[in-house]
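# Notes for the structure review
Now for the letters of each chain:
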Amino acid sequence: MTAPTFADLGVPAPLVKALAERGIAEPFPIQAATLPDSLAGRDVLGRGKTGSGKTLAFSIPLVAALTGIRRQASRPSGLVLAPTRELATQITAALEPMATAAGLRVTTIYGGVSQGRQVSALRGGIDIVVACPGRLEDLMQQKVISLDNVTVTVLDEADHMADLGFLPGVTRILAATPRGGQRLLFSATLDNGVDKLVQRFLDNPVLHSVNEAAEAPAQMTHHVFHVGGVQEKKDLVHQLASGTGRRILFMRTKHQARKLAKQLTESGVPSVDLHGNLSQPARERNLAAFSSGEARVLVATDIAARGVHVDDVELVVHVDPPMEHKAYLHRSGRTARAGSDGDVVTVVLPEQRRDTQQLLRKAGITVRPRDVHAKSSEVQALVGEIAPLRAPAPVAQPAARKPDHGRGSRNGGSGGHGRSGGEHQRRGGGGGRGRDGQGGGSSSTSRGPRRRGQRPAGQSQRGVNTGG
């Protein structure tokens, strides 16, 4: 039986065209399952693991339902709630091409940045708001935004909302939207209070489940590497980071993530960090550098385990094994996305072996641990082609201080330049954080040979952040 096309599923022609222009021709299973019901205006409860295509599954019916509705200042017709700023930004990026094709305006609302632009956008008239709960509630309390005109509400990654303690705020927000509006809820699981949201706010929802939440993707290969000590671990991690493709290294603390990204970049492996201590502009720049290939390695805390969707990540490394099995599955889900193959490595010190064994058992992962070092054949096979090293940006020497003939310089140097370009290079070129936390050093955009299952960007849904 031939797989249905977007047109077969009832997607309006302008949106089919907008999808085709992005190289998206065939729906993913969760899209094929949910679109007939969501396009018909029914409430939908979608269950599927990360990378299954949830973002398009709700973006298409959202845009279709709002096409032609009269725009009003500060009163959006569509609302998408997301747990993290990164996910909100990526949802907006996936949503905007279709919204533009339908003549709709989209804006993103989240904390960590000045609210001025967000307020201006709302007052100028917005059709769809993609928001994190905290900042949205702030603006509601300030009477900057009203939800009484919302026709379609989407709650994405509801289980992660629960994990972060956002459900009370989400409940207040949903209660502020009109009863009778369409509601689409997507979640990997229905525990932690998500079921109560479904019971209260969804009207006779249609349940569509694609892949169980705890099921590891079929294309994902897991490895457990035992090392003898801290130095052996450091050498192994540097070796695993040295390949040509994208890889994400997960650390337990912000400090260690920043430190490792700096060390890798200084050793010739362009890397950026992602963690809660970075400003929002720095997060966005670092993620953009990783997405574009300017940096091949992203060193992250669990902030990137949910809500960060970059395709063609060929390797995830648990440098520090996570504390619980759900975190392991969400971290690992950054690879093997959208039909691509991927590998997951957990690096284990002697004192971590028992806990890691229990963690993997709870995650449903069966794998035989191997004792390795950086030059082991198993490691070399996994790393593949070694990328050419790229020297970090040179550190400029400060200009010689001129004699101060009594004038006094507020900036302590000749010419009154204060923080010179040389200092900026010293702070940003070493691969940790620059002035705003951006990693230094960049890599060649050459990716080397594609690994199994990979296709050039633009030929499929991969590479366009269609996952949810």
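Rules used in this analysis
- Residues numbered from 1 in each chain as written.
- Predicted model: local features only at pLDDT ≥ 70, side-chain atom pairs only at ≥ 80, totals over all residues.
- Heavy atoms only, no water.
- UniProt positions renumbered as here; feature names shortened; annotations may be inferred.
- Helix = DSSP H or I, 4+ residues; strand = E, 2+ residues; numbered from the N terminus.
- Buried < 20%, exposed > 50% of the residue type's maximum accessible area, 1.4 Å probe, protein only.
- Pairing = 2+ DSSP bridges.
- 1 Å grid on protein atoms, 1.4 Å probe; cavity = no way out; pocket = protein on both sides within 12 Å on 5 of 7 lines; lining within 4 Å.
- Points joined across faces, edges and corners; volume = space filled by probe spheres on them.
- Nonpolar A, V, L, I, M, F, W, Y, C, P; charged D, E, K, R; others polar.
- Salt bridge = Lys/Arg side-chain N within 4 Å of Asp/Glu carboxyl O.
- Contact = heavy atoms within 4.5 Å.
- Polar contact = N/O pair within 3.5 Å; in protein donor to acceptor, adjacent residues only side chain to side chain.

With an unreviewed UniProt entry as reference, the chain is termed DNA/RNA helicase, superfamily II, source organism Mycolicibacterium gilvum. Here the chain is described in UniProt, under the heading Sequence similarities (unreviewed entry), as follows: "Belongs to the DEAD box helicase family."

Let us look at the UniProt feature "domain: DEAD-box RNA helicase Q" (unreviewed entry) in the chain. Sequence positions flagged by UniProt for "domain: DEAD-box RNA helicase Q" (unreviewed entry) are, in local numbering, residues 4–32. Within residues 4–32, the helical portion is 45% and the strand portion 0%, while the C-alpha atoms at the span's ends are 7 Å from each other.

Quick look at the pairing of strand 13 (residues 342–348) now. Among the 7 residues in strand 13, 7 count as buried, and that is most of the element. Relative to strand 13, strand 8 (residues 220–226) runs parallel, the two being bridged by 7 bridges. Within strand 13, the residue paired with F225 across the bridge is V347. Here 4 bridges tie strand 12 (residues 313–318) to strand 13, and the two strands are oriented parallel to one another. For V317, the partnering residue across the bridge sits in strand 13 and is V345.

The subject of this paragraph is empty space enclosed by the protein. Empty space among the atoms becomes apparent when a probe as large as a water molecule is rolled across them. Tallied over the full model, the rule gives 4 cavities of 30 Å³ or more. The space that makes up the largest cavity amounts to roughly 50 Å³. Taken together, T153, V154, L155, L174, R183, L184, L185, L197, F201 and L202 form the lining of the largest cavity. Looking at the lining of the largest cavity, the elements with two or more residues in it are strand 5 (152–155), strand 6 (182–187) and helix 9 (194–201). Within the lining of the largest cavity, the residues separate by chemical class into 8 nonpolar, 1 polar and 1 charged.

It is possible for side chains of opposite charge to pair when their charged atoms get near one another. Using the criterion set out here, one finds 10 salt bridges in the structure. For D127, the salt bridge goes to R71, with nearest N and O atoms at 2.9 Å. Taken together, the positions of D127 in the loop between helix 5 (116–124) and strand 4 (128–131) and R71 in the loop between helix 3 (54–66) and strand 2 (78–81) put the pair 56 residues apart, joining distant regions of the chain. By relative accessible area, which is 2% here, D127 ends up buried. D371 serves as the salt-bridge partner of R353, at 3.7 Å between the closest nitrogen and oxygen. Here the residue R353 occupies a position in helix 14 (residues 353–363), and D371 occupies one in strand 14 (residues 370–371), the gap between them amounting to 18 residues.

With respect to the helices, strands and loops of the structure, T34 is situated in helix 2 (residues 29–39). The exposure class assigned to T34 is buried, which follows from its relative accessible area of 0%. Separated by 174 residues in sequence, T34 and H208 place their C-alpha atoms 6.5 Å apart. Apart from the residues lying within four places of it in its own chain, the contact partners of T34 are V44, A57 and H208. Within the local environment of T34, its side chain forms a polar contact with the backbone oxygen of I30, the two atoms lying 2.8 Å apart.

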